[in-house]
Amino acid sequence: MKCISVYTDNFEAFSDIFEQIVSTEFAENEERDLEGITVSHSGDVPEHYLERMSQKPEVVVMKDKARGITILQHGQVFEILLPVLEAAAN
């Protein structure tokens, strides 16, 4: 899974730029400013990262099942976990 970190604790601001984030291609470790919010590609995370984080009481887990996207919110950061498409390597 590819992880995009969004550095804000404001859910409304996050929601306003969410679609823009998931439709943007980020290079490895690339950082951008979208509407005053820092967004960065945080690399790939293993499957057990999601399992471990979702067990913590301070972490909120949201899912977009149709697209296979998981969003973790904790502290002042949202982490968008996107499935890596194997066909993209072709």
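Residues numbered from 1 in each chain as written. Predicted model: local features only at pLDDT ≥ 70, side-chain atom pairs only at ≥ 80, totals over all residues. Heavy atoms only, no water.

The protein appears in an unreviewed UniProt entry as NAD/NADP transhydrogenase alpha subunit from Paenibacillus farraposensis.

Chemist: How would you summarise unusual backbone geometry if you had to cite specific residues and measurements?
Modeler: Within the chain, Asn29 stands out as a residue other than glycine whose phi angle is a positive 65°. For Asn29, the position within the fold is in the loop between helix 1 (11–22) and strand 2 (31–34). Judged by its relative accessible area of 59%, Asn29 is exposed. The phi torsion at Glu35 lies on the positive side, around 50°, for a residue other than glycine. (Helix = DSSP H or I, 4+ residues; strand = E, 2+ residues; numbered from the N terminus. Buried < 20%, exposed > 50% of the residue type's maximum accessible area, 1.4 Å probe, protein only.)

Chemist: Which residues make up the pairing of strand 3 (residues 37–44), and what are the values?
Modeler: Pairing between strand 1 (residues 2–7) and strand 3: five bridges, direction antiparallel. Residue pairing in the sheet places Ile4 in a bridge with His41 of strand 3. Alignment of strand 2 against strand 3, held across four bridges, turns out to be antiparallel. Within strand 3, the residue paired with Glu31 across the bridge is Ser40. Adjacent in sequence and paired antiparallel, strand 2 and strand 3 are bridged by two residues, among which Glu35 carries a positive phi angle near 50°. (Pairing = 2+ DSSP bridges.)

Chemist: Any details on helix 2 (residues 47–54)? Residues and values, ideally.
Modeler: Residues separated by three or four positions in an α-helix point in the same direction, a consequence of the helix having 3.6 residues per turn. Inspection of helix 2 places Tyr49, Leu50 and Met53 among the buried residues, and these make up the whole buried set. Along the long axis of helix 2, the arc covered by the buried residues comes to 95°, so they all point the same way. Turning to helix 2, the residues buried within the fold contact strand 4 (60–64), strand 5 (69–74) and strand 6 (77–82). (Arc of directions from axis to C-beta. Contact = heavy atoms within 4.5 Å.)

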